[in-house]
Amino acid sequence: ADKKESEPTDTIVITSECELRFEVESDEVSLVLVDGQAEIFGTEIPLNKVYKFVAGLSIAVFSWRGCRLKITGNCNSRYISKQTPMVVYLQTHGALQQMRNNAERDDKDGPRILVVGPQDVGKSTLCRLLCNYAVRMKQQPVYVDLDVGQGCIGIPGSIGALVLERQADVEEGFTEQLPIVYHFGYYFPDANWALYNELAKKIADDIEKRSEFCPKARHSGFVVNTCGYVTGDGYKFIKEAVDIFKINCILVIDHERVFNDLQRDIPEDKATSILLPKSGGVIKRNGPCRKRTRESRVKQYFYGFRRPLNPFVFNIGFDEIEIYKIGSLEVSDSLLPINKVSDIKNKLSCVKIDIDNDLIHTVLSLVFGEPPDLLCSTVAGFIVVKDVDMENRQINVLAPAPHPLPHNVCLWSDTKFNDEGSIS
Ligand code: ADP
């Protein structure tokens, strides 16, 4: 018999303003809305459409007016919560929408939102919700994801921006074509704050240019998601990001001290800070769980999600590719008696690296720029070094398109991937 048939199907009733939460244990969990109204992280779900969720995901189905669902498969800790911050989140959306309406009326900038808070408080989820609600109001917000570890644009180690014209796909997230992607190369911003800052400036510049010729974009505004760094350099970056993006609204999730510090440091007429509660449904992800999410994002890039992609494997000569690394991070700061200026210069320098066996499994970003001006050049795509043949001076690569590579300049990253889908 079909395996699915042997799994129990439960009918679940969610009353108004309540939320069904579950974690997908193994295999898949499928879900169908049979009656009423429901949404998943701000995306409305239609009646009778079957959604399938893969193992490891943590999902919340919220209903404003009540609904009935059918759910099949094994869930971890499935429960209905009556305590959600959704009303506060909706009010926040209402205030942001008011800013957009005023922006349209007076032809000025709409909400420029920065979402901050520690790790695992639901920052990405709130961004997704607010973007979805904006799209549902016929807005075209830009979503900027600065989360280099768990972000949803590009692959781990990159950051970028997306112009949103439709709600996020419930299973896949935002699927807009043509994101702007920049190479960072690490999962943590503190690997190179100087570069991180430059990239933020570049994205802000891209948005500014687009706003100049597209009034709709200017009025719709944007939502910037950040990494969960809220102390020390992380807090310093938050303050810098407010200037870089000309933020006018800071949403702080679940961190009173950061909220208070921001109220002290950022004048109210520049940006309003709002403290929002965290949802009780947000799960804490441990190291292995974060690693799994990163692995699946790289795998998805090469092998596709719902529609399978067939990546290509081919050899290229050492002479057909140039690999650069940004910042000479092997040299510990403490070993160098250098001043701040040369330190930053060092962190932003592009150094050509030699090809050797250390590159095996390394993900490389193909970039449009020309050396030495490679910092902040847009990423054209990613390839993985599968093998290095030192004798014949060839490398074997996994690529989304066939030979030859569209560009021969690429940037080294700390991201590793092998065909079995394992990243280190
Ligand atoms: P952050 O961006 O702050 O690190 P996320 O928004 O990525 O946090 O949320 C962490 C995890 O919690 C994600 O897997 C997300 O799907 C899950 N999650 C968020 N909100 C809920 C909720 N209300 N119910 C169940 N799971 C949730």
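The shown structure was predicted, so the numbers you read here are calculated from the model rather than taken from an experiment.

So, about the overall build of the protein chain. For the protein chain, the helix and strand inventory stands at nine helices and 23 strands. Over its C-alpha trace the protein chain gives a radius of gyration of 23 Å, about what one expects of a compact globule, namely 22 Å for 424 residues. If you line up the protein chain on its principal axes, its C-alpha atoms span 65 × 65 × 40 Å. Relative to its full complement of 424 residues, the protein chain shows a buried share of 51%. Here the contacts in the protein chain between residues at least 6 apart in sequence split such that 73% fall between residues at least 24 apart. Summed over its atoms, the accessible surface of the protein chain is roughly 19700 Å², and 50% of this surface lies on carbon and sulfur atoms. Treating the 50 positive side-chain charges of the protein chain as one cloud and the 58 negative ones as another, the clouds have centres 5 Å apart.

As a further point, take the pattern of salt bridges. In this structure the tally under the stated criterion is 22 salt bridges. Between E198 and K201 there is a salt bridge whose closest N-O contact spans 3.3 Å. Of this pair, E198 and K201 both sit in helix α4 (residues 193–213), three residues apart, roughly one helical turn. The class of E198 is partly exposed, set by a relative accessible area of 24%.

Before going further, it helps to examine α4. With 21 residues, α4 extends 31 Å between its outermost C-alpha atoms, agreeing within 8% with the 30 Å of an ideal straight helix rising 1.5 Å per residue. Of all the positions in α4, only W193, A194, L195, Y196, N197, L199, A200, I203, A204, D206, I207 and S211 are classed as buried.

A word on the confidence of the model for the protein chain. The predicted structure's coordinates, where accompanied by low pLDDT, should not be read in detail. Across the protein chain, pLDDT averages 91, with 94% of residues at or above 70. Here the predicted complex carries an ipTM of 0.99, next to a pTM of 0.93.

What follows concerns the site of the ligand. Surrounding the ligand, one finds 17 residues, the nearest of these being S58, K123, S124, T125 and R285. Between the ligand and E19 there is a distance of 3.0 Å, counted from a nitrogen atom to a side-chain nitrogen or oxygen. R285 has a polar side-chain atom sitting 2.9 Å from an oxygen atom of the ligand. Coverage of the ligand by the protein amounts to 90% of the 560 Å² it exposes when considered alone. Secondary-structure elements contributing two or more residues to the shell around the ligand are β2 (18–24), β7 (58–63) and α3 (123–136).

Let us now look at the sheet that holds strand β3 (residues 28–36). Judged by pairing direction, the sheet is antiparallel, and its four strands sit side by side in the order β1-β8-β3-β6 without closing on themselves. Single-partner strands in this sheet number two, and they are β1 (9–14) and β6 (50–54). Between one strand axis and the next, the sheet turns by 25° as a mean value, whatever way the strands run.

Our next topic: empty space enclosed by the protein. Under the defined criterion, the tally for this structure stands at three cavities of 30 Å³ or more. If you add up the space inside the largest cavity, you get close to 50 Å³. Broken down by secondary-structure element, the contributors of at least two residues to the lining of the largest cavity are β20 (362–367) and β23 (409–416). No other element matches the three residues that β20 contributes to the lining of the largest cavity. Looking at the lining of the largest cavity, its residues break down into five nonpolar, seven polar and no charged. Its boundaries defined by the atoms lining it, the second largest cavity holds a volume of some 40 Å³. Taken together, the elements giving at least two residues each to the lining of the second largest cavity come down to α4 and α6 (233–244). Per-element tally for the lining of the second largest cavity: the top contributor is α6, with three residues. Broken down by class, the residue content of the lining of the second largest cavity amounts to seven nonpolar, two polar and no charged.

Another aspect to go through is the sheet that holds strand β11 (residues 142–145). Taken in spatial order, the seven strands of this open sheet run β13-β12-β11-β14-β10-β15-β16, and their pairing is mixed. Lying at the two open borders of the sheet, with one neighbouring strand each, are β13 (180–183) and β16 (272–276). Averaged over neighbouring strand pairs, the angle between their axes works out to 15° when direction is ignored. One ladder, built from four bridges, connects β11 with strand β12 (residues 158–163); its direction is antiparallel. Its bridge partner being in β12, D145 is matched across the sheet by G160. Set on the sheet, helix α7 (residues 256–265) makes contact with β10 (112–116), β15 (249–253) and β16; between it and β16 the angle comes to about 170°.

Quick look at the packing of aromatic side chains now. Applying the stated rule across the entire model yields 15 aromatic pairs. Ring plane angle 75° and centroid distance 6.0 Å describe the contact between F184 and Y186, whose orientation is recorded as edge-to-face. Across the pair, Y186 and F184 agree in class, each one buried. Put simply, the rings of F184, Y186, W193, Y196, Y229, F237 and W412 pair up and form one aromatic cluster. The positively charged end of R294 is found above the aromatic ring belonging to Y187, 4.0 Å away from the centroid. Between the NZ or CZ atom of K325 and the centre of the ring of W412, over which it lies, the distance is 4.2 Å.

We now examine the nonpolar core. Formed by 100 residues in total, the largest nonpolar core has its most connected members in F245 and I321. Residue contributions to this core peak at eight residues, all from α4. Apart from the residues lying within four places of it in its own chain, the contact partners of I321 are I316, I355, L364, I383, I395, L405, N408 and C410. Counting residues in each nonpolar core, the second largest holds 23 residues, with F22, A38, A60 and C75 among its members.

Rules used throughout
- Starting afresh in each chain, residues are numbered from 1 along the sequence in its written order.
- Restriction of local features to residues with pLDDT of at least 70 applies here, the model being predicted, together with a cutoff of 80 or more for giving and counting side-chain atom pairs; totals for whole chains, interfaces and linings are based on all residues.
- Derived side-chain values reflect all non-hydrogen atoms in the structure, with water molecules and hydrogen atoms excluded from consideration.
- The numbering of helices and of strands both runs from the N terminus, where a helix is a DSSP run of H or I of at least 4 residues and a strand a run of E of at least 2.
- For the radius of gyration, the atom set is restricted to C-alpha positions; the globular benchmark scales as 2.2 Å times the number of residues to the power 0.38.
- Relative accessibility thresholds used throughout: buried, under 20% of the residue-type maximum; exposed, over 50%; partly exposed, between the two (1.4 Å probe, protein chains only).
- Residue contacts are defined here by distance: any two heavy atoms, one from each residue, within 4.5 Å place the two residues in contact.
- Areas reported as accessible are Shrake-Rupley estimates using a 1.4 Å probe. Residue values count occlusion only from the protein chains shown.
- His is not counted, nor are the chain ends, whereas Lys and Arg count as positive and Asp and Glu as negative.
- To locate a charge, take atom NZ for lysine, CZ for arginine, CG for aspartate or CD for glutamate.
- Here, a salt bridge means any Lys or Arg side-chain nitrogen found within 4 Å of an Asp or Glu carboxyl oxygen.
- A helix is expected to span 1.5 Å for every residue after the first.
- For every residue, the predictor reports its confidence as pLDDT, a number between 0 and 100.
- Being near a molecule or strand, for a residue, comes down to having at least one heavy atom within 4 Å of it.
- As used in this structure description, the phrase polar contact means that two N or O atoms lie within 3.5 Å; if the pair is within protein, one of them must be able to donate a hydrogen and the other to accept it, and residues adjacent in sequence are counted only when both atoms belong to side chains.
- Strand pairing requires that DSSP identify at least two bridges connecting the strands.
- To define axes, lines are fitted to C-alpha atoms, for helices over the stretch in contact only, and angles between the resulting N-to-C directions are given on a 0 to 180 degree scale.
- Here a cavity denotes a set of grid points, spaced 1 Å apart and computed over the protein atoms alone, in which a 1.4 Å probe fits but from which it cannot get out, and a pocket denotes an open set meeting protein on both sides within 12 Å along at least five of seven lines; residues with an atom within 4 Å of a point are reported as lining.
- Grid points are joined across faces, edges and corners, and a volume is the space filled by probe spheres set on the points.
- Here the term charged refers only to Asp, Glu, Lys and Arg, the term nonpolar to Ala, Val, Leu, Ile, Met, Phe, Trp, Tyr, Cys and Pro, and the term polar to all other amino acids, Gly among them.
- Stacked, tilted and edge-to-face are the three classes assigned to paired rings of Phe, Tyr and Trp, where Trp is represented by its six-membered ring and a pair needs centres within 6.5 Å; plane angles under 30 degrees give stacked, over 60 edge-to-face, the rest tilted.
- Here, a charge over a ring means that NZ of Lys or CZ of Arg falls within 6 Å of the ring centre while also lying within 35 degrees of the ring normal.
- Residues grouped as a nonpolar core are buried Ala, Val, Leu, Ile, Met, Phe, Trp, Tyr and Cys residues, joined through side-chain atoms within 4.5 Å.

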